[in-house]
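Next come the chains, spelled out residue by residue.
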Amino acid sequence: MSNIALEVHDLTVAYRRRPVLWNVDFQTTEGRLVGVVGPNGAGKTTLIKAILGLTPLASGHVEIYGQPYAQQRQLIGYVPQRESVDWEFPVTVRDVVLMGTYGRLGWFRRPGAAEKAIADRCLAQVGLTDFAGRQIRQLSGGQQQRAFLARALAQEATIYFMDEPFAGVDAATEAAILELLRSLREAGKTVFVVHHDLQTVREYFDEVLLLNMRLVAYGSVREVFTQQNLQRTYGGRLTLLDQAAEAVSLREPPT
Amino acid sequence: MTMYMIGPSLFAISIAGKVALGAGLLGAAAGVIGSFAVLKRRSLVGDMIAHASLPGVCLAFLIAGSRDSDALAIGALLAGMLGVGCVAVITRWTRTKDDAAVSLVLSVFFGAGVVILTYLQNHGTGGQAGLDSYLFGEIASLQSRDVRRLAIVLGLVLIGVTLAFKELRLATFDEEFARSQGWPTLAIDFAVLGAIALVTVVGLPLCGVVLVAAMLIYPCAAARCWSNKLAVVLVIAAVIGALAASGGVLLASFPAIGGPIGEWSAWLVGSTPPPGPMIVLTGAVLFGLSLCFAPEQGLLAKLIRDANLRHIIGRDHLLRSLYELTEPQLAARPGVTLSQLADDFRGRSAQLRRLLAEIENEKWIERSGDSVRFTSAGLNRATQVVRAHRIWELYLVHYVDIPADHVDGGADDLEHLLPPELVTRLETELATAGRLPPNLKSIHPL
């Protein structure tokens, strides 16, 4: 019997009383590469932020290896969307990667030789060793994405959440990320990847989570990534749910 | 008679020194803590706190009945924090955006402050207490006790930032990642805001409600030109903040010191200019100098880099012209007349003369009368240039799908920056794809 790495139980998230995720419920076995797929506005980023406790839940709960997230932070690695930070910020690439070790260090302790060694190893893993001393604006988009990946690697996590790591990267970076994902899986890690490119889902992932405000389907790519399920995920907006959301936000009963 | 003149002037100088010290302490503290607001794109927040503190100052005066600086500072702090709270409430509960809420609170609080100030002045006591000096600041506000207070504030800011440098850097750069690691970013945010409010409030009497926020902003904006490392940016911001503040109050106190500079500045800005504007203008000068003269990011450095690149491009063009004019009999290194060269080289004749002199100096060409020919070193050099140009052209045609007749212009920009290893790699790639024409294989440096 294999371990359950992540359990999401009846998760609902609302922005300004308007639900954006409804009753999402799934559990994931350790060691899987999971693609999170769905149209724009389907709540993919929201799902990850809700799991990480960055967005308040309207209802439901999340367990990492059977414990609440707050107690299991050390097991989590996070790659936010590249656009979420100011790349003009005065830090070097190595500084950014070192941030991955901050969670273990705790208050006021500075990263020491051990942390720097970890950072250098992670930089080498994503092929950025030669760029370690550069200010982060002086990287290409793909290199910036790899710097974020290296930071997550430096977290030395068990479960990784990556928000669109393949968005707007060059072919070399795409290949490097893919290789990294596979080596993480070989090391027994569980990785969730928000992904946009339907063409590559079969090739990249073991499991796929189809999302459009609710969980459309979740399971192995072979069983779940079907024409029918995709139609249900992408084919038209979910009019009934839309109306319900609209009604709730307007405080009117649905007609 | 002379003694009589020097006496008060010396006295004024010693006061000016103390004022400059106090202002420097304030400037350094504001530069360091303001950097975190600027880097988080929250420059307006300090301005909001400063403006919002005016009604607090006035009400504290009304309640305390005197111009006790502690009471006024507490009033300012409370009103400033109330302003921060109002912004939080407005953005949380209405659809007003962050910047609109900040501007709104700033102007409403300031408006209320001015109304109360006018009331106080019309009822006698306020005018005598000189509360209106809170608008643009006043040098006399810096007494020994205030200098000590400023030193304590600077000490607190430096200790806090040094201790929590790692946490501040992370929370300022990537708040969500910090939260995913469990850092209490909201508390860190409030600590920074609190420190900004504290620095603002102790700076108010000197720099004034209207301009004190600038002391939070320009040091970081200027320091950012000099370094890409946060620790260095903070140190430079502290230095620039201190220099601007000390310099500003000195300029403002020159009229009181006397002497030729004093007379000149008295003539320029009146008998006693308020220190706030002088500090801000001094800061603006330092910011302007940083923009122009910073080593890597300064405008001057950029101009020099561009000029260097244009120079290299011009020289490469000349070498290529000479190479292509003599291409059929390269090995013999025949001569080319200057007029032939001028026809082929697309540039001004002055530029051509300058470049010719330069490459002759490099011993790349020999001149005899009207004719020019390569030396063997020059031919070698020109071969490298032409090879890079042609390989890059081929690469663009075959791999980037640029139509052949559009390539020349585009190739010109990048080929001058291609490192030799990359040219060799491109060549290998083209060769393995069978796309290297025979005439290119032959042009290798000798």
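In what follows, the structure referred to is the one given above.
What you see is a predicted model, and the numbers here were worked out from it, not measured in a lab.

J.: Help me understand the overall build of chain B in this model?
T.: When helices and strands are counted, chain B shows 21 helices and three strands. Out of the 446 residues belonging to chain B, those deemed buried represent 47%. Taking the contacts inside chain B whose residues are at least 6 apart along the sequence as the reference set, 71% of them involve residues at least 24 apart. Within the structure as shown, chain B displays about 21700 Å² of accessible surface, and the carbon and sulfur contribution to it stands at 66%.

J.: Help me understand the nonpolar core, please; the structure alone is not making it clear to me.
T.: Where a protein is soluble and globular, its nonpolar side chains tend to be buried together. Ranked by internal contacts, the top residues of the largest apolar core, which has 173 residues, are Phe26(A) and Phe161(A). Considering each element in turn, this core owes the most residues, 14 residues, to helix 1 (residues 2-39) of chain B. Aside from chain neighbours lying at most four places away, what touches Phe161(A) is Leu6(A), Ile48(A), Ile51(A), Leu52(A), Ile76(A), Gly77(A), Tyr78(A), Val79(A) and Phe192(A). Of all hydrophobic cores here, the second largest spans 20 residues; its members include Leu330(B), Leu341(B), Ile365(B) and Val385(B).

J.: So what exactly am I meant to see when it comes to the pattern of salt bridges here?
T.: When their charged atoms lie close together, side chains carrying opposite charge are able to pair. All names here are of chain B. Across all of its chains, the model carries 23 salt bridges over all chains by this definition. A salt bridge links Asp 189 to Lys 40, with the shortest nitrogen-to-oxygen separation between them at 3.2 Å. Here Lys 40 lies in the loop between helix 1 and helix 2 (43-64) and Asp 189 lies in helix 10 (residues 185-207), a separation of 149 residues in the sequence. As far as burial versus exposure is concerned, Asp 189 and Lys 40 are alike and both buried. The shortest N-O distance in the salt bridge between Arg 390 and Glu 324 comes to 3.3 Å. With a gap of 66 residues between them, Arg 390 in helix 18 (residues 376-399) and Glu 324 in helix 15 (residues 299-325) connect regions that are remote in the sequence. A residue is classified by how much of its surface remains accessible, and Arg 390, at 14% relative accessible area, is buried.

J.: Sorry, what's going on with helix 7 (residues 144-163) of chain B here?
T.: An α-helical turn contains 3.6 residues, so a residue and the one three or four places further along point in the same direction. Residue and element names in this part refer to chain B. Between the first and last C-alpha of helix 7 there are 29 Å, a value that for 20 residues agrees with the 28 Å anticipated at 1.5 Å per step. What helix 7 keeps buried is the set Asp 146, Val 147, Leu 150, Val 153, Leu 154, Val 157 and Val 161. One side of helix 7 carries all its buried residues, which in axial view fall inside an arc of 120 degrees. Facing away from the buried side of helix 7 by over 90 degrees, the exposed positions are Arg 148, Ile 152, Leu 156 and Ile 159.

J.: Honestly, the interface of chain B and chain A in this entry has me stumped. Any pointers?
T.: Where interface size is given, it is often the accessible area lost as the parts come together that is meant. Contacts between the two partners involve 31 residues from chain B and, on the opposite side, 36 residues from chain A. Between chain B and chain A, a total of about 3000 Å² is buried, with carbon and sulfur atoms accounting for 59% of that surface. Per-residue buried area on chain B facing chain A is highest for Lys166(B), Phe173(B) and Phe177(B); these three make up 25% of the total on that side. One can count four salt bridges joining chain B with chain A. A salt bridge links Lys49(A) to Glu176(B); the shortest N-O distance between them is 3.0 Å. Put simply, chain B and chain A have 16 residue pairs in polar contact (both at pLDDT 80 or more) between them. It is helix 8 (residues 165-173) of chain B that contributes the most residues to the side of chain B that touches chain A, seven residues altogether. Tallied by class, residues from the side of chain B that touches chain A come to twelve nonpolar, eight polar and eleven charged.

J.: Got a minute to help me understand the pairing of strand 10 (residues 214-220) of chain A in this structure?
T.: Residue and element names in this part refer to chain A. Summarising the sheet, strand 9 (residues 207-212) and strand 10 pair through six bridges and their orientation is antiparallel. Within strand 10, the residue paired with Asn 212 across the bridge is Arg 214. From the end of strand 9 to the start of strand 10, which pair antiparallel, there are one residue, and Met 213 there has a positive phi angle of about 70 degrees.

J.: I keep staring at the packing of helix 18 of chain B against helix 20 (residues 420-432) of chain B and nothing clicks. Help me out?
T.: Between two packed helices, both the angle of their axes relative to each other and the distance between the axes serve to describe the pair. Residues and elements named next belong to chain B. Interhelical geometry of helix 18 versus helix 20 gives an angle of 50 degrees and a closest axis separation of 10 Å. In terms of their interaxial angle, helix 18 and helix 20 are classed as oblique. Considering the relative orientation of helix 18 and helix 20, their crossing is left-handed. For the pair helix 18 and helix 20, the contacting residues are Arg 387, Ala 388, Ile 391, Trp 392, Leu 394, Tyr 395, His 398 and Tyr 399 in the first and Val 423, Thr 424, Leu 426, Glu 427, Glu 429 and Leu 430 in the second.

The rules we used
Residues numbered from 1 in each chain as written. Chains lettered and ligands numbered in written order. Predicted model: local features only at pLDDT ≥ 70, side-chain atom pairs only at ≥ 80, totals over all residues. Heavy atoms only, no water. Helix = DSSP H or I, 4+ residues; strand = E, 2+ residues; numbered from the N terminus. Buried < 20%, exposed > 50% of the residue type's maximum accessible area, 1.4 Å probe, protein only. Contact = heavy atoms within 4.5 Å. Areas by Shrake-Rupley, 256 points an atom, 1.4 Å probe, with all protein chains shown as cover. Core = buried A, V, L, I, M, F, W, Y, C linked by side-chain atoms within 4.5 Å. Salt bridge = Lys/Arg side-chain N within 4 Å of Asp/Glu carboxyl O. Expected span 1.5 Å × (residues − 1). Arc of directions from axis to C-beta. Buried area = accessible area lost by both parts, 1.4 Å probe. Polar contact = N/O pair within 3.5 Å; in protein donor to acceptor, adjacent residues only side chain to side chain. Nonpolar A, V, L, I, M, F, W, Y, C, P; charged D, E, K, R; others polar. Pairing = 2+ DSSP bridges. Axes fitted to C-alpha atoms, helices over the stretch in contact; angles between N-to-C directions. Parallel < 35°, antiparallel > 145°, perpendicular 65-115°, else oblique. Left-handed = near helix turned anticlockwise from the far one by under 90°.

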